[in-house]
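Chains, contacts and geometry: an overview
Residue-level listing of the chains:
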Amino acid sequence: MNVDLRSRTGRWLVAAVALVALVLFPLFVGGGSWLNTAVLVLLYAGLAQAWNILGGFAGQVSLGNAAFFGIGAYTSTVLLDRWNVSPWLGMPVGAIVAAAFAVAVFFPFFRLGGHYFAIATIALAEILLILFTNWAFVRGARGITIPFVRGPDRRPTDSWAFLQFNESRVPYYYVVLGLAVLAVATAVVVERSKLGYYLRAIKNDQQAARSLGVPVLRYKLIAVAISAAVTAAFGTFYAQYLLFIDPETTMRLELSVLIALVAILGGVGTVVGPLLGALVLIPLSEVTRSQLAGSGNTLDLVLYGGLIMLIAAFQPNGLVAIGDRFRRRREAVRPAGDETERGEAPLVGAPGTRN
Amino acid sequence: MPALLELDAVSKRFGGLDANRDVSLVVEEGQIVGLIGPNGAGKTTLFNCVSGFFPPTSGSIRFAGNEIAGWAPERVLRAGLARTFQVVRTFPEMTVLDNVMIGAFARTNRAGEARARAAELLAFTGLAGRAHARGADLTIADKKRLELTRALATQPRLLMLDEVMAGLNPAERAQAVTLIRAIRDRGTTVLLVEHVMEVVMPISDHVVVLDSGRKIAEGPPRTIVRDPNVIAAYLGEKYRPRDEGTA
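Residues numbered from 1 in each chain as written. Chains lettered and ligands numbered in written order. Predicted model: local features only at pLDDT ≥ 70, side-chain atom pairs only at ≥ 80, totals over all residues. Heavy atoms only, no water.

1. Focus: a negative patch on the surface
The grouping of B:Glu6, B:Asp8, B:Asp22 and B:Glu28 at the surface amounts to a negative patch. Looking at the element boundaries, B:Glu28 is found in the loop between β2 (17-27) and β3 (32-36). (Patch = residues over 30% accessible without salt bridge, like charges linked within 9 Å, V, L, I, M, F, W, Y side chains within 5 Å. Areas by Shrake-Rupley, 256 points an atom, 1.4 Å probe, with all protein chains shown as cover. Salt bridge = Lys/Arg side-chain N within 4 Å of Asp/Glu carboxyl O. Lys, Arg positive; Asp, Glu negative; His and termini not counted. Charge placed at Lys NZ, Arg CZ, Asp CG, Glu CD. Helix = DSSP H or I, 4+ residues; strand = E, 2+ residues; numbered from the N terminus.)

Following this line, the structure appears as structure tokens:
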């Protein structure tokens, strides 16, 4: 193969092939548990991608993204439950509510540095969880069951208008695929724009960024608003996928941690990282659970945790860095010489020779 | 025409310490002004006050007709006043080109335009050959040059350089001097902070000397080197010339 997969055309080619494979995927697996795993992979790929905009690009590690997920799930579901509003409308409304909530709450959070910021985000999601558990308007701890859309024969049926598919699960797959593509597209646009550059500068050195005119707080708020909106959209999807939500399924701490974990193990601050993380971690957790959890012991969690530890120990920059490792080895073999094309320094002395 | 930068009785107090006390100075457009003084004289504090990193305790700072005392750093930058840091603050995980693009984005929203401007400035400062190296992988001399390039990319009217010469060998210093002259010739006024007198004297049009937070002398370089207060500040009271200057 002669196309360099890291070149611009190479990357588009990989993306196109991957997309075609994803579109055709249900034709090969039907509607069984593999389809369910694929839906979860795409769900977490999207959620990790959204997390990545704030946590990866801007380096602000949030362990409370389940709060946005829950707000998205609850906004559309309450609208549907009380006023029969279609989730397709509830989804953007939830995204806007989550973004507004994120901006209001993170405005003071961004005064906190490092670990304190992360702790505050954990507290945020936990407070929301307790609040929703005791809030009668959203039916508290009992949760909300979304009623079936029924056909003329009174049997549960499929409805694109109300984002609910009871005869075949395949449409859910295409909906979450669409959302995941949207999340990736958002990340790509952010990465290449002024916003992405500014976020990376903030991650690298906030004082230096300010000295170059970067309004640090404003750009962090933009990042968290985008991150929250995308996360909330997946929350709506998840509610429709399960047709039942309660505070535990949509806002629990493990969900927040898993979102961050997928992005971190995949590779922080890159668009490919979260996708790779979801592709490896989610099937792993599903397989270990289905194969080992039945016996009643917790062997699945031991294995799952062990694998995470292995990745963290040997691949601290995430799974994306594995490619770099092989590349470096290849380049080390290649004879030196590429380095000599350095430009002459017309005004100030020879540039440093360290590399 | 009023001066580009005008400080009037600027003071900065940290608890019981007067880091700056009633410092007044003027920087005219098109000049290279040297701000010198021994270690701990308050040069960097003054810098931080002017560039918005600390609000001054009292006094006025006028830049290009605006009272900028107390403005946030990003606002000061947009008004046309850029700075570098004494301890280099390159973005370590970003490439040299991306580092400079952050500066260029102060004046444009389009990545392509920022990239073109950054590339042009890297050629000007002689870093073009390192454009795709990571910030962390540069030598100290190159990091300093990168900070300067990055600050220039914001298209400042006044560029404030905090000890860009420190840590450079004599050859690198000579090249830095050439570069600073070239920057002035492109139309950017330069305020240079150094504690090493030898590097400031040959290129400055005007020199201001701080000691213990106060201004003790100012004038053209050749009179500054003979000033008894300056000599005493650098070498100690013992070396104060017998013919005492104004105290």
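2. Concerning the sheet that holds strand β4 (residues 58-63) of chain B
Residues and elements named next belong to chain B. The four strands are arranged β2-β1-β4-β5 in an open sheet whose pairing can be described as antiparallel. The open sheet is flanked by β2 and β5 (66-67), the only strands paired with a single partner. Packing of helix α1 (residues 43-50) onto the sheet brings it into contact with β1 (5-14), β2 and β4, and relative to β1 it is tilted by some 115°. (Pairing = 2+ DSSP bridges. Contact = heavy atoms within 4.5 Å. Axes fitted to C-alpha atoms, helices over the stretch in contact; angles between N-to-C directions.)

3. Some thoughts on the packing of aromatic side chains
Enumeration according to the criterion identifies 21 aromatic pairs over all chains in this entry. Seen in terms of ring centroids, A:Phe132 and A:Trp135 are 5.4 Å apart; in terms of plane orientation they differ by 85°. Their pairing is edge-to-face. Geometrically, the ring pair formed by A:Trp135 and A:Phe137 is tilted, given 5.9 Å between the ring centres and 35° between the ring planes. In this structure A:Phe137 comes out as partly exposed when scored by relative accessible area, which is 35%. Note that B:Arg75 overlies the ring of B:Trp71, its terminal NZ or CZ placed 3.7 Å from the centroid. The aromatic ring of B:Phe124 is capped on one face by B:Arg186, whose charged end is 4.4 Å from the ring centroid. (Phe/Tyr/Trp six-rings, centres within 6.5 Å; stacked < 30°, edge-to-face > 60°. Buried < 20%, exposed > 50% of the residue type's maximum accessible area, 1.4 Å probe, protein only. Lys NZ or Arg CZ within 6 Å of the ring centre and 35° of its normal.)

4. Observations regarding the sheet that holds β3(B)
Residue and element names in this part refer to chain B. The six strands lie next to each other as β6-β7-β8-β3-β9-β10, forming an open sheet whose pairing is mixed. Two strands lie at the open edges of the sheet, namely β6 (81-83) and β10 (214-219), each paired on one side alone. Taken pair by pair, the neighbouring strands of this sheet meet at an average axis angle of 20°, ignoring direction. Helix α9 (residues 228-235) contacts β3, β9 (206-211) and β10 of the sheet and is inclined by roughly 130° relative to β10.

5. Overview of the interface of chain B and chain A
Frequently, the measure chosen for interface size is the accessible area removed from exposure when the parts meet. Between chain B and chain A, the contact holds 42 residues from the first and 31 residues from the second. Note on chain B versus chain A: buried area summed over both sides is about 3100 Å², and carbon and sulfur give 59% of it. On the chain B side of the interface with chain A, the three residues burying the most area are B:Glu74, B:Ile102 and B:Arg130, jointly 17% of the side's total. Between chain B and chain A we count three salt bridges in total. In this structure, B:Glu74 engages A:Arg210 in a salt bridge whose closest nitrogen and oxygen atoms are separated by 3.1 Å. At the boundary of chain B with chain A, the tally comes to nine residue pairs in polar contact (both at pLDDT 80 or more). Broken down by secondary-structure element, the contributors of at least two residues to the side of chain B that touches chain A are α2 (73-78), α3 (96-104), α4 (111-125), α5 (140-152) and α6 (170-185) of chain B. (Buried area = accessible area lost by both parts, 1.4 Å probe. Polar contact = N/O pair within 3.5 Å; in protein donor to acceptor, adjacent residues only side chain to side chain.)

6. Description of a nonpolar patch on the surface
All names here are of chain A. The grouping of Leu19, Val20, Leu22, Val23, Leu24, Leu27, Phe28, Tyr174 and Val181 at the surface amounts to a nonpolar patch, some 810 Å² of accessible area in total. Mapped by element, the contributors of at least two residues to the nonpolar patch are α1 (8-29) and α6 (170-192). By the element assignment, Leu24 lies in helix α1. The exposure class assigned to Leu24 is partly exposed, which follows from its relative accessible area of 36%.

7. Overview of the domain arrangement of chain B
Residue and element names in this part refer to chain B. By domain assignment, chain B separates into domain 1 (1-80 + 156-247) and domain 2 (89-154). Computed from C-alpha coordinates alone, the two centres of domain 1 and domain 2 are separated by 25 Å. With 16 residues of domain 1 at the interface, the matching set in domain 2 holds 13 residues. When the two sides are added together, the surface that domain 1 and domain 2 hide from each other amounts to roughly 1300 Å², 69% of it contributed by carbon and sulfur. Interface area lost by domain 1 to domain 2 is led by Pro156, Leu179 and Arg186, which between them contribute 38%. Inspection of the region where domain 1 meets domain 2 yields zero salt bridges. (Domains from an automatic or database assignment.)

8. As for unusual backbone geometry
All names here are of chain B. The backbone phi angle of Ala9 is positive, close to 50°, even though this residue is not glycine. For Ala9, the location among the structural elements is in strand β1. A positive phi angle, close to 50°, is found at Asp22, a residue other than glycine. For Asp22, the position within the fold is in strand β2.

9. Quick word on the environment of B:Gly37
Residues and elements named next belong to chain B. With respect to the secondary-structure elements, Gly37 resides in the loop between β3 and α1. Sequence-wise, Gly37 and Ala64 are 27 residues apart; in three dimensions their C-alpha atoms are separated by 26 Å. In this structure, Gly37 is in contact with Lys43, Glu194, His195, Leu210 and Tyr234, ignoring residues within four places of it in sequence.

10. Points about the packing of helix α3 (residues 66-83) of chain A against helix α4 (residues 87-109) of chain A
Residue and element names in this part refer to chain A. Contact geometry of α3 with α4 gives a least axis separation of 8 Å together with a crossing angle of 140°. When the axes of α3 and α4 are compared, the pair comes out oblique. In the packing of α3 onto α4, the handedness of the crossing is right-handed. Taken together, the residues of α4 that come into contact with α3 (itself represented by Phe68, Ile71, Gly72, Thr75, Ser76, Leu79 and Leu80) are Pro87, Gly90, Met91, Val93, Gly94, Val97, Ala98, Phe101, Ala102 and Phe106. Looking at the contact of α3 with α4, its residues break down into twelve nonpolar, five polar and no charged. (Parallel < 35°, antiparallel > 145°, perpendicular 65-115°, else oblique. Left-handed = near helix turned anticlockwise from the far one by under 90°. Nonpolar A, V, L, I, M, F, W, Y, C, P; charged D, E, K, R; others polar.)

11. Some points on helix α12 (residues 272-292) of chain A
All names here are of chain A. Over its 21 residues, α12 extends 30 Å from the first C-alpha to the last, a length consistent with the 30 Å expected when each residue adds 1.5 Å. Regarding α12, the residues found buried are Gly273, Pro274, Gly277, Ala278, Leu281, Ile282, Pro283, Ser285, Glu286 and Thr288. Of the surrounding secondary structure, the elements contacted by the buried residues of α12 are α2 (33-57), α11 (253-266) and α13 (299-314). (Expected span 1.5 Å × (residues − 1).)

12. Looking at the pattern of salt bridges
Considering all chains together, one arrives at 18 salt bridges over all chains under this definition. Here B:Asp98 and A:Arg200 are joined by a salt bridge, their closest N and O atoms 3.9 Å apart. One end of the pair, B:Asp98, is in helix α3; the other, A:Arg200, is in helix α7 (residues 194-204), on a second chain. Each member of the pair B:Asp98 and A:Arg200 is classed as buried.

13. What to know about the nonpolar core
A:Leu43, A:Phe106 and A:Leu199 are the most contacted members of the largest nonpolar core, which totals 152 residues. If one sorts the elements of this core by residue count, α2(A) sits on top with 16 residues. When residues of this core are sorted by domain, at least three fall in each of domain 1 (1-80 + 156-247) and domain 2 (89-154) of chain B. Counting 26 residues, the second-largest nonpolar core is a separate cluster that includes B:Leu5, B:Val23, B:Phe63 and B:Val208. (Core = buried A, V, L, I, M, F, W, Y, C linked by side-chain atoms within 4.5 Å.)

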